[in-house]
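Residue-level structural notes
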Amino acid sequence: GFSQNLHAVLCLAENSVGPVATRPDDIHTFYSGKTVEINNTDAEGRLVLGDGVAYARKDLKADVVVDMATLTSAQGISTGKYHGAILTNNQEMEESCMTAGLTCGDLVFPLIYSPELHFSEFNSAVADMKNSVNDRSNAQSYCAGLFIGSHLGFDYPGVWLHIDMAYPAFSGERATGYGVALLNTLFGSYSSNNMLNDIAPSLTCKKEVEGGVEPSAKKPKCTYSH
């Protein structure tokens, strides 16, 4: 069992040609309320993930949001075939996720986190943002995660973790099952399983308060978006 409030949000869409398919130059209004100009129809996964994390914040009132996807081919350039790429607004979460990866074998490595420097890659003249970067040589896998985070909101007071597992999720034509052990280990301290308790890193869900951070007074509501 899991001692906290846990929700799984499946962010799914079918890639299909049709009269209501997304086209270049379309402008979508997201669940976050932000508008997005479509400049790359192949960057479609982030569209549904953006709505997923916004739903987790607005409707589920989650204190911890994890989104996890085979999002970008650029992840393989950033962190290679064996390490998933992680992006988070919380240093403790970054360190705990790396420790969990080393413990269970689902390895991860952090990307940079500086939205004030990179979110301008999505500048649009007709919407709040584009869905793909203007400069494809500028930290693509990180920027893709940043797009998702923008719909959660950079003012989100909880903990957000983005995991891009595009390369480690596959070996040849087969899936590896990457990510299951990582999540079980990362949040194992909230499990009733003694083995997971023993191997889990120390993780305290924190929220922002004026003047710093404090442990959440309520049970954290953890949301997993995929």
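Residues numbered from 1 in each chain as written. Predicted model: local features only at pLDDT ≥ 70, side-chain atom pairs only at ≥ 80, totals over all residues. Heavy atoms only, no water.

Moving on to the nonpolar core. Of all hydrophobic cores here, the largest spans 30 residues; its most connected members are Val65, Phe122 and Phe147. Considering each element in turn, this core owes the most residues, seven residues, to helix α5 (residues 140–152). Leaving out residues up to four positions away in the same chain, Phe122 has contacts with Arg46, Met129, Lys130, Asn131, Ser132, Val133, Asn134, Cys143, Ala144 and Phe147. Grouped together as the second largest cluster of nonpolar side chains are 20 residues, Val66, Leu161, Tyr178 and Leu183 included. (Core = buried A, V, L, I, M, F, W, Y, C linked by side-chain atoms within 4.5 Å. Buried < 20%, exposed > 50% of the residue type's maximum accessible area, 1.4 Å probe, protein only. Helix = DSSP H or I, 4+ residues; strand = E, 2+ residues; numbered from the N terminus. Contact = heavy atoms within 4.5 Å.)

Although it is not a glycine, Asp25 sits at a positive phi angle of roughly 80 degrees. Following the sequence through the fold, Asp25 ends up in the loop between β1 (5–9) and β2 (27–29). Phi angles above zero are rare outside glycine, and Ala139 is one such case at about 50 degrees. As for its placement among the helices and strands, Ala139 is situated in the loop between β7 (129–130) and α5.

Another point: the side chain of His162. Checked against the element boundaries, His162 lands in strand β8 (residues 159–164). In terms of polar contacts, His162 uses its side chain to reach the side chain of Asp67, at 2.5 Å. For His162, the contacting residues outside a window of four places in its chain are Asp67, Leu71, Ala85, Ile86, Leu87, Gly145 and Ile148. (Polar contact = N/O pair within 3.5 Å; in protein donor to acceptor, adjacent residues only side chain to side chain.)

Moving on, we get to helix α3 (residues 91–104). Taking 1.5 Å per residue as the helical rise, α3 with its 14 residues ought to reach 20 Å, and the 20 Å between its terminal C-alpha atoms agrees with that figure. Looking at the residues trailing α3, positive phi occurs at Gly105, about 100 degrees. (Expected span 1.5 Å × (residues − 1).)

Time to look at the layout of surface pockets. Of the pockets and cavities examined, the largest pocket occupies roughly 580 Å³. Only α1 (45–58) and α5 provide two or more residues apiece to the lining of the largest pocket. Ranked by residues supplied to the lining of the largest pocket, first place goes to α1 with four residues. Grouping the constituent residues of the lining of the largest pocket by class yields 15 nonpolar, nine polar and four charged. What the second largest pocket holds in volume is close to 420 Å³. (1 Å grid on protein atoms, 1.4 Å probe; cavity = no way out; pocket = protein on both sides within 12 Å on 5 of 7 lines; lining within 4 Å. Points joined across faces, edges and corners; volume = space filled by probe spheres on them. Nonpolar A, V, L, I, M, F, W, Y, C, P; charged D, E, K, R; others polar.)

It is worth spelling out α5 at this point. Taking 1.5 Å per residue, 13 residues should reach 18 Å; α5 reaches 19 Å between its end C-alpha atoms and fits that length. The buried fraction of α5 is high, at twelve of 13 residues. Within the span of α5, buried status applies to Ser141, Tyr142, Cys143, Ala144, Gly145, Leu146, Phe147, Ile148, Gly149, Ser150, His151 and Leu152. Just downstream of α5 lies Gly153, where phi reads positive at about 105 degrees.

Let us now look at the side chain of Glu37. Here Glu37 shows up in strand β3 (residues 35–37). Buried charge without a salt bridge: Glu37, with Lys130 as the nearest opposite-charge side chain at an N-O distance of 4.7 Å. Side-chain polar atoms of Glu37 contact the side chain of Ser124, separated by 2.5 Å. (Lys, Arg positive; Asp, Glu negative; His and termini not counted. Salt bridge = Lys/Arg side-chain N within 4 Å of Asp/Glu carboxyl O.)

Counted under the stated rule, the structure contains six aromatic pairs. With a centroid separation of 6.2 Å and an interplanar angle of 70 degrees, the aromatic rings of Phe2 and Tyr190 are classed as edge-to-face. Taken together, the positions of Phe2 in the segment before β1 and Tyr190 in the loop between α6 (180–186) and α7 (194–199) put the pair 188 residues apart, joining distant regions of the chain. Judged by centre distance (6.5 Å) and plane angle (45 degrees), the rings of Tyr31 and Tyr55 are tilted. You can see Tyr31 sitting in the loop between β2 and β3 and its partner Tyr55 sitting in helix α1, a full 24 residues away along the chain. Note on Tyr31: relative accessible area 36%, which makes it partly exposed. Among the aromatic residues, those joined into a ring-pair cluster are Phe30, Phe119, Phe122, Phe147 and Phe154. (Phe/Tyr/Trp six-rings, centres within 6.5 Å; stacked < 30°, edge-to-face > 60°.)

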